[in-house]
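Reading the structure
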Amino acid sequence: MLRHSSRWFLAAATAFVLVSTAATAQATSSITFQSPSQGWNVFGSSNPLPYGSTAAILYSADRLTACRGDYNGGPGWSIYGYYQLNGGTVQSFWVAGAKPYPTVPAPSITLNQTGNLKVWFQNTSRWGCSAYDSNYGNNFSFTVQ
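Let us look at the structure shown here. Treat the numbers as computed from the prediction; the structure is a model and nothing was measured.

Considerations on the pattern of salt bridges
- Applying the stated criterion across every chain, the model contains one salt bridge.
- A salt bridge links Asp133 to Arg63, with the nearest nitrogen and oxygen atoms 2.6 Å apart. Taken together, the residues Asp133 in strand S10 (residues 130–133) and Arg63 in the loop between strand S3 (54–59) and strand S4 (70–71) connect sequence positions 70 residues apart. Neither Asp133 nor Arg63 differs from the other in exposure class; each is buried.

Some words on the nonpolar core
- The biggest cluster of nonpolar side chains holds 24 residues, and the ones touching the most others in it are Phe33, Leu117 and Phe121.
- Mapped onto this core, the elements with two or more residues apiece are strand S1 (28–33), S3, strand S6 (77–85), strand S7 (91–97), strand S9 (115–125) and strand S11 (140–144).
- Looking at this core, the element that brings in the most residues is S6, giving four residues.
- Those residues in contact with Leu117 that lie beyond four places of it in its chain are Ile31, Leu49, Tyr83, Gln84, Leu85, Ile109, Leu111, Phe140, Ser141, Phe142 and Val144.

Considering the environment of Ala55
- Tracing the chain through its elements places Ala55 in strand S3.
- Separated by 52 residues in sequence, Ala55 and Pro107 place their C-alpha atoms 8.6 Å apart.

Considering the side chain of Ser60
- Assignment of secondary structure puts Ser60 in the loop between S3 and S4.
- Beyond its immediate stretch of four places on either side in the chain, Ser60 contacts Phe33, Gln34 and Ser35.

Focus on the state of the cysteines
- According to the stated counting rule, one finds one disulfide in the structure shown.
- The disulfide partner of Cys67 is Cys129, and the gap between their sulfur atoms is 2.0 Å. In this structure the cystine formed by Cys67 and Cys129 twists about its S-S bond by roughly -65 degrees; its chirality is therefore left-handed. In this pair, Cys67 sits in the loop between S3 and S4 while Cys129 sits in the loop between S9 and S10, placing the two residues 62 residues apart along the sequence.

What counts and how
Throughout, residues of each chain are indexed from 1 in the direction in which the sequence is written. With the structure being a predicted model, the display of local features is reserved for residues of pLDDT at least 70 and the display and counting of side-chain atom pairs for 80 or more, all residues being used for whole-chain, interface and lining totals. To obtain the side-chain values, all non-hydrogen atoms of the structure were used and water was disregarded. Whenever Lys or Arg places a side-chain nitrogen within 4 Å of a carboxyl oxygen from Asp or Glu, that contact is recorded as a salt bridge. Here a strand is any run of E in DSSP of at least two residues, a helix any run of H or I of at least four, and the numbering for each starts at the N terminus. To sort residues, take the accessible area from a 1.4 Å probe on protein chains only and compare it with the maximum for the residue type: under 20% means buried, over 50% means exposed, and anything in between is partly exposed. Put simply, a nonpolar core is a bunch of buried Ala, Val, Leu, Ile, Met, Phe, Trp, Tyr and Cys residues held in one set by side-chain atoms that sit within 4.5 Å of each other. Contacts were defined at the residue level, with two residues in contact if any of their heavy atoms lie within 4.5 Å. Any two cysteine sulfur atoms lying within 2.5 Å of each other are counted as a disulfide.

In structure tokens, the structure reads:
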């Protein structure tokens, strides 16, 4: 009887590790915004993006070159990304340029809802300039499922 219990425990533990490993493997995804020299391509690591994952934002700052300039030896501009899930609250994240504080996390979006994800970017400068990167005036759209 003890042998069967041990085998059952080992099988259950192995299944747990496999399920945990699969969940961890799906816990990350990415959305890439390539530079002009790469053809301005925009794509997700999968289509649809997996619900429950955190999508790393791989953004080429060469996409938004307007509103640039230096100030006190550093950038006088910043690029922020914005996103909205299913028409909800707009959230933002720092992408490039002057940092809002010394340690800024890498750009990412937690995909905690299924449905429609809209993403766009804005470059602003300390001199009042503002420029956007969107899909010809429409925000970039992705499906989360």
